[in-house]
Amino acid sequence: MQNTKQISEPSQCDQAKYEYKKTSYTEIYKVLQTLRQDEVLCDIKLETDDGGVIFGHKVVLASASPYFLAMFTNFLEKDQDLVAIRQLDSSALHLLIDFIYFGKISITETNVQILLPASNLLQFQEVKNACCDFLEAQLCPTNVIGIIALADLHSCTKLLASSELYFQQHFSDVIEGEEFLGLSSEQVVKLISSDELIAPSEEKVCKVFESVIRWVKHDLDSRKQILPQLMEHVRLPLTSKDYILKNVVDEPLLNNCFKCKYYVYEALHFHLPKSEELITTPHNIPTKRRQPGGTHKIILVGGGRGINNKILDSTEWYDPKINQWQTGPKMIAPRYAGVLAVVNDNFVLCLGGRNSESTLQSVDGIDLYSDSPHWRPTYDMLIKRWAFAVGVINNYIYVVGGHDGNSFLDNAEVCNCRTREWHTISNMSTKRAGHGLGVLNNLLYAVGGNDSEQRLSSVECYHPSLNKWTPIADMCVRRSAVGVGVLDNVLYAVGGWDGYQVWSSVEAYSPSTGVWTTIPEMHLCRSDPGVAVLGDLLYVIGGHDGVSFLDSVESYNPKTNKWTMITATMNVARSFAGAVAIDVPRYFKTC
């Protein structure tokens, strides 16, 4: 009998699909763990300074860390089976490599001090965040100062904010601890000058004053000369008159210091009845009440060339909150093609460059925290340079390439801001002047420039712990006199000149992709512009369009992928100028 049952067919010839998903990768990782323990199929050995050697698989390490991904794809280490990892404790490296293979790590009070810097260096963001969470949970008056220093050193933004807030809220308890006595003068000034500081009943009992005297007496011989600078931030007039008479007037440290005695006089004068006042008390730091809310950022530009090729000694600054440019402190002497660099948000250095006669080796600095900030000479570079580039990593200032007045340079040097000493580092593979330098993930990227024979599209990367330069992908076009900035882990090459035309085009590089991509062009062509990052925007300032010096500014927003002209123009059109973002100094008028 014939079977009449019909098998239904799909109305359309859709391709059937069945997906199967593995529910766990446990077995795979068990195999990888065994292979590593038995040193089977391992294609990399990592050696630390203390002689420790750790085996692994490049593909596994690269999949877990952008640091290793870059090392094994873009750097010379991709063809090596033994790599030296400098400035790293072997036990910390063991813990991090085990974390890759086992997926867990134990953070303790003992190992967090080595795990945090190691995870920061090797870009293990998960572990770095876990270390920060652990330290934040451990905050107490006896360790908060050390945690602040650790968070600041390793760019732990959230931990730094929470630990500084803890310090401000528990100031009276913190200053009683031994950590406070071990602080440097710069650290004490930073902490006691904060507007966020909370000291109970400041008008009755000046905890800030007591902490300063206690800190100075802890090492009297070396610290007594710092006392006037510290007393500036005590805000003594805001304590009661009775407190000043009973606890301050007879303090020997103050009586032996002319400037300190002035602060005492000023405080007493502040409490005189208005009819008895002989002079008007200035509205300065000692009489300024602390105002929680903190400061905001501005852009400072300085020097350069202007209209009629005039070499400039002027500075000016831009406040995005009020959309205005205002005049800043005049530099010691005119210079162009030097570089501005900022350390600790408000100490600005102007390095090298040229004047009307010669190439400069000098470095001038200005402390914008001071009451009357002015430029003053600091410590010279090893080599005179102009058209060079600068990057700052953890308060180390790297100076790269340029021209010494006779020849193009491939050499580089670094300054330790704490010791104020310069020393050389490895040379670049190419001579470069008119290039840009970006700092991304604690690596330096030298972008474009001119090698005396041609404008360059090449880019190379410097790893401080390896003291080595390595080529990366070329840009899409040749760019000398290029501006470079870093925003949200992306490196931007802005404008420049290829020997024939000035560019308005912009390229972006992300280490995760390893390639340069074009983004929308600027509104104007610009060579030798200043570049600064403020908030979520990349600002490009001034420059030369091939005909004229520019006073205009435009900003790029990566979220909208658009350029916007800033309606406020600079007071002076300038190219070859330096530009940096800084905390707004208190003496700058922002309204």
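Residues numbered from 1 in each chain as written. Predicted model: local features only at pLDDT ≥ 70, side-chain atom pairs only at ≥ 80, totals over all residues. Heavy atoms only, no water.

(A) Layout of the overall build of the protein. Looking only at helices and strands, the protein features 17 helices and 27 strands. Looking at the protein as a whole, 51% of its 591 residues qualify as buried. Contacts in the protein between residues at least 24 apart in sequence constitute 55% of all its contacts with a sequence separation of at least 6. Total accessible area on the protein stands at roughly 29000 Å², and carbon and sulfur atoms take up 50% of it. (Helix = DSSP H or I, 4+ residues; strand = E, 2+ residues; numbered from the N terminus. Buried < 20%, exposed > 50% of the residue type's maximum accessible area, 1.4 Å probe, protein only. Contact = heavy atoms within 4.5 Å. Areas by Shrake-Rupley, 256 points an atom, 1.4 Å probe, with all protein chains shown as cover.)

(B) Here's a closer look at the packing of aromatic side chains. One pass over the full model with this rule turns up 15 aromatic pairs. Their ring planes at 35° and their centres at 5.3 Å tell us that Tyr318 and Trp325 sit as a pair that is tilted. Aromatic ring contacts, followed pair by pair, group Tyr67, Phe68, Phe72 and Phe124 into a single cluster. Positioned above the aromatic ring of Tyr336 is the side chain of Arg305, whose terminal nitrogen or guanidinium carbon lies 4.1 Å from the ring centre. The ring of Trp386 is capped by Arg354, whose NZ or CZ atom sits 5.7 Å from the centre of that ring. (Phe/Tyr/Trp six-rings, centres within 6.5 Å; stacked < 30°, edge-to-face > 60°. Lys NZ or Arg CZ within 6 Å of the ring centre and 35° of its normal.)

(C) Spotlight on the pairing of strand 24 (residues 537–541). Counting buried residues in strand 24 gives four out of five residues, a clear majority hidden from the surface. Inspection of the sheet shows strand 23 (residues 530–534) paired to strand 24 by five bridges, in the antiparallel sense. Across the sheet, Leu534 pairs through a bridge with Leu537, a residue of strand 24. Once strand 23 ends, the chain turns through two residues before running back antiparallel as strand 24, passing Gly535 with a positive phi of about 65°. Where strand 24 meets strand 25 (residues 553–557), four bridges bridge the pair, whose relative direction is antiparallel. For Val540, the partnering residue across the bridge sits in strand 25 and is Glu554. (Pairing = 2+ DSSP bridges.)

(D) Up close: empty space enclosed by the protein. What the rule picks out here adds up to two cavities of 30 Å³ or more. When its volume is computed, the largest cavity comes out at roughly 50 Å³. Taken together, 14 residues line the largest cavity, and the ones lying closest to its centre are Gly302, Gly303, Gly338, Cys350 and Gly578. For the lining of the largest cavity, the class distribution of residues is eight nonpolar, five polar and one charged. Approximately 30 Å³ is the volume found for the second largest cavity. Residue lining of the second largest cavity: Val301, Asp528, Pro529, Gly530, Ile541, Gly543, Arg574, Ser575, Phe576, Ala577 and Gly578, and that is the complete set. (1 Å grid on protein atoms, 1.4 Å probe; cavity = no way out; pocket = protein on both sides within 12 Å on 5 of 7 lines; lining within 4 Å. Points joined across faces, edges and corners; volume = space filled by probe spheres on them. Nonpolar A, V, L, I, M, F, W, Y, C, P; charged D, E, K, R; others polar.)

(E) Representation of the state of the cysteines within the structure. Inspection of the entire model under this criterion finds zero disulfides. With no disulfide of its own, Cys156 has Cys132 as its nearest cysteine by sulfur position, at a separation of 3.4 Å. With no disulfide of its own, Cys417 lies 5.2 Å from the sulfur of Cys415, the closest cysteine sulfur. (Disulfide = S-S within 2.5 Å.)

(F) Geometry of the layout of surface pockets. Here the second largest pocket is characterised by a volume of approximately 740 Å³. For the second largest pocket, the lining is made up of 32 residues, of which Gln87, Leu121, Asn394, Tyr396 and Pro464 are closest to its centre. At six residues, helix 5 (residues 112–121) tops the list of elements feeding residues into the lining of the second largest pocket.

Treat this as a map of the structure, not an account of what it does.
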